[in-house]
Amino acid sequence: MSEEQIKSLEADFDARIARDEKIEPKDWMPEKYRKTHIRQISQHAHSEIVGMLPEGNWITRAPSLRRKVALLAKVQDEAGHGLYLYSACETLGVSRDELYEQLHSGKAKYSSIFNYPTLTWADMGAIGWLVDGAAIINQVPLCSTSFGPYARAMVRVCKEESFHQRQGFEIMYKLCNGTPEQKEMAQDALNRWWWPSLMMLGPTDAESVHTEQSMKWKLKRKTNDELRQQFIDQTVPQADILGLKIPDTDLKWNEETGHYNFGEIQWDEFWQVVKGHGPCNKERLNARKGAWEKGAWVRDAAMAYAEKQSNKKIEKVV
Amino acid sequence: MKKNWPLWEVFVRSKNGLEHRHFGSLHAADEAMALENARDVYTRRNEGVSIWVVESRHITASNPENNGELFEPAQDKVYRHPTFYDLPDDVKHM
Ligand SMILES: [Fe+2]
Ligand SMILES: [Fe+2]
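Computed from a predicted model, the values in this text were never measured in an experiment.

Draft legend 1. The arrangement of the sheet that holds strand S3 (residues 50-55) of chain B in detail. Residues and elements named next belong to chain B. Pairing in this open sheet of three strands is antiparallel, and the strands run S2-S1-S3 from one edge to the other. The open sheet has two free edges, formed respectively by strand S2 (20-27) and S3, since each of these has just one partner strand. Looking at each pair of strands side by side, their axes are set apart by 25 degrees on average, direction ignored. As defined by bridge partners, strand S1 (residues 7-13) adjoins S2 across seven bridges and the pair is classed as antiparallel. Bridge pairing links Phe 11 to His 22 in S2.

Draft legend 2. View of the coordination of the iron ion (ligand 1). All names here are of chain A. Coordination of the iron ion (ligand 1) by the protein comes from Glu 48 (OE), Glu 78 (OE), His 81 (ND1) and Glu 161 (OE), over a distance range of 2.1 to 2.4 Å. One chain supplies every donor to the iron ion (ligand 1), and in sequence these donors are spaced E-x29-E-x2-H-x79-E. A separation of 3.4 Å is found between the iron ion (ligand 1) and the iron ion (ligand 2), which are bridged by Glu 78. Within this pair, whereas His 81 is found in helix H4 (residues 65-90), its partner Glu 161 is found in helix H7 (residues 148-176), the two being separated by 80 residues in sequence. You'll find His 81 and Glu 161 in the same group, each marked buried.

Draft legend 3. Focus on the coordination of the iron ion (ligand 2). Residues and elements named next belong to chain A. Those donors, Glu 78 (OE), Asp 132 (OD), Glu 161 (OE), Glu 161 (OE) and His 164 (ND1), are the protein atoms that reach the iron ion (ligand 2), and they lie 2.0 to 2.7 Å from it. All donors of the iron ion (ligand 2) come from a single chain, and their spacing in sequence reads E-x53-D-x28-E-x2-H. Using a relative accessible area of 5% as the deciding quantity, one classes Glu 78 as buried. Exposure remark for Glu 161: the relative accessible area of 2% places this residue in the buried category.

Draft legend 4. Up close: the pairing of S1(B). All names here are of chain B. Among the seven residues of S1, five are classified as buried, and the element is accordingly described as predominantly covered. Taking the residues between adjacent antiparallel strands as the criterion, S1 and S2 are bridged by six residues, where Gly 17 takes a positive phi near 105 degrees. Note that S1 and S3 share six bridges and pair antiparallel. Among the inter-strand pairings, Glu 9 is bridged to a residue of S3, identified as Val 54.

Draft legend 5. Up close: helix H5 (residues 96-104) of chain A. Arg96(A), Leu99(A), Tyr100(A), Gln102(A), Leu103(A) and His104(A) are the residues of H5(A) that are buried. On its buried face, H5(A) sits against helix H2 (31-50), H4 and helix H12 (281-294) of chain A together with S2 of chain B. Phi turns positive one or two residues past the end of H5(A), at Gly106(A), with a value near 85 degrees.

Draft legend 6. Quick peek at unusual backbone geometry. Residues and elements named next belong to chain A. Unusually for a residue other than glycine, Asp 20 sits at a positive phi of about 70 degrees. Summarising the element assignment, Asp 20 is placed in the loop between helix H1 (3-18) and H2. Looking at Asp 20, the relative accessible area reads 52%, which means it is exposed. Notably, Lys 218 is not glycine yet its phi reads approximately 60 degrees, a positive angle.

Draft legend 7. The packing of H2(A) against H4(A), seen in detail. Residue and element names in this part refer to chain A. One way to put it is that H2 packs onto H4 with a least axis distance of 8 Å and a crossing angle of 160 degrees. Here H2 lies roughly antiparallel to H4, going by the angle between them. Between H2 and H4 lies a crossing of left-handed hand. Taking contact as the criterion, the partners of Ile 38, Ile 41, Ser 42, His 44, Ala 45, His 46, Glu 48 and Ile 49 in H2 are, on H4, Glu 78, Ala 79, His 81, Gly 82, Leu 85, Tyr 86, Ala 88 and Cys 89. Looking at the contact of H2 with H4 residue by residue, the class counts come to nine nonpolar, five polar and two charged.

Draft legend 8. Representation of the interface of chain A and chain B within the structure. Facing the 22 residues of chain A at the interface are 21 residues of chain B. Overall, the association of chain A and chain B removes approximately 1900 Å² of surface from exposure, summing both partners, and the carbon and sulfur fraction of that is 49%. On the chain A side of the contact with chain B, Lys26(A), Arg156(A) and Met303(A) bury the most area, a combined 27% of that side's loss. For Glu160(A), the salt bridge is made with Arg45(B), and the minimal N-O distance between the two is 3.3 Å. The interface formed by chain A and chain B contains 12 residue pairs in polar contact (both at pLDDT 80 or more). Counting residues per element, the side of chain A that touches chain B draws most heavily on helix H13 (residues 296-317) of chain A, which supplies eight residues. Residue composition of the side of chain A that touches chain B, by class: seven nonpolar, three polar and 12 charged.

Draft legend 9. Examining the environment of Ser214(A) more closely. Residues and elements named next belong to chain A. By secondary structure assignment, the location of Ser 214 is in helix H9 (residues 211-216). Residue Ser 214 is classed as buried on the basis of its relative accessible area of 5%. With 177 residues separating them along the chain, Ser 214 and His 37 place their C-alpha atoms 9.6 Å apart. Aside from chain neighbours lying at most four places away, what touches Ser 214 is Leu 219 and Lys 220.

Draft legend 10. Seen up close, the environment of Glu72(B). Residue and element names in this part refer to chain B. Summarising the element assignment, Glu 72 is placed in the segment after helix H2 (67-71). The partly exposed category is assigned to Glu 72, whose relative accessible area is 48%. When the C-alpha positions of Glu 72 and Met 94 are compared, they lie 29 Å apart, and in sequence the two are 22 residues distant.

Calculation criteria
- Residues numbered from 1 in each chain as written.
- Chains lettered and ligands numbered in written order.
- Predicted model: local features only at pLDDT ≥ 70, side-chain atom pairs only at ≥ 80, totals over all residues.
- Heavy atoms only, no water.
- Pairing = 2+ DSSP bridges.
- Helix = DSSP H or I, 4+ residues; strand = E, 2+ residues; numbered from the N terminus.
- Axes fitted to C-alpha atoms, helices over the stretch in contact; angles between N-to-C directions.
- Donors = N, O, S within 2.8 Å, 3.2 Å for Na, K, Ca; no water.
- Buried < 20%, exposed > 50% of the residue type's maximum accessible area, 1.4 Å probe, protein only.
- Contact = heavy atoms within 4.5 Å.
- Parallel < 35°, antiparallel > 145°, perpendicular 65-115°, else oblique.
- Left-handed = near helix turned anticlockwise from the far one by under 90°.
- Nonpolar A, V, L, I, M, F, W, Y, C, P; charged D, E, K, R; others polar.
- Buried area = accessible area lost by both parts, 1.4 Å probe.
- Salt bridge = Lys/Arg side-chain N within 4 Å of Asp/Glu carboxyl O.
- Polar contact = N/O pair within 3.5 Å; in protein donor to acceptor, adjacent residues only side chain to side chain.

That is the geometry; function is a separate question.
Below is the structure:
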């Protein structure tokens, strides 16, 4: 194809997206669109998968059967989210194996938030409330993104997320209305998860390299800073209901803007974690690789069995 | 030699009276496992009463590049629609 032809195809393509038409896997698309989507959707899938690890840590130690079934169901949902997203990603012509390989080799990123440890039961509350809460804010706009399979996966994901956040908030609420020690545990969890949750919504707009193009393709509908502000504005009143104090001395309602002012985010910490130097980066990746490698014989056995069965069927026919 | 689990497409009937609808895809070693995985991945909240799985490689899909010759011929056949026909206003039940 000549450069001119590609230009005109690209113009048509952009116009379709601007008209709110969806792009489906077999449609022509610019190479950059394909690559950007593979990167974003796979990072998203990896985050769902690695995101199971910090919570999986507490399944066997949940304080009651009620909490245990809820946490199990939530973690199972996250596995489901990972699977919806991996298959959406595969429609762009990348194999599941390549995607896993990118995660396991450290080439692909996943959300920095999952590199923090879950030290107490209250962390299950804080994660559901804050981390899933921030994820919802990130994901709801993606339900109307331009790539059909991604948008459809996100619709399903968003339907399931609200239970995650509510079960987390309920854990916090119970702790906050329990003994002083329990309330202190909840406050400690909020202290540790608050800032990482704000960072989870991504670097500031000034530092975010992909924003403009992503806006055009509806991979982003609001900037990171807008999403962060939305998260803070809706979470502060929830903390008030819990009777917890958000660990930010600069946090203050601004009558003029109608938003909360907040303190400076330690972006050095964020970049350290992204680069692999967070408290649990190694542990998470090792757990993930270990699960994959130790499961290899099961996958091979299942495949061998399937082949044997289908050979038997063929023999019967012949 | 390593062989990967093939890809399957999953179709779910959400309740009797409705058709099976494409829900997504997944990997599984064989059809029995594909059904079980589909149950776990796509129907954790009573989303279905019946599941079909088919290996993705068995699906033949039309190419969007041929959409013109495939679908445009239907566009100028307005006489296939009831509104094409002129009837006097006082005709009832038609
Ligand atoms: Fe999720
Ligand atoms: Fe979640």
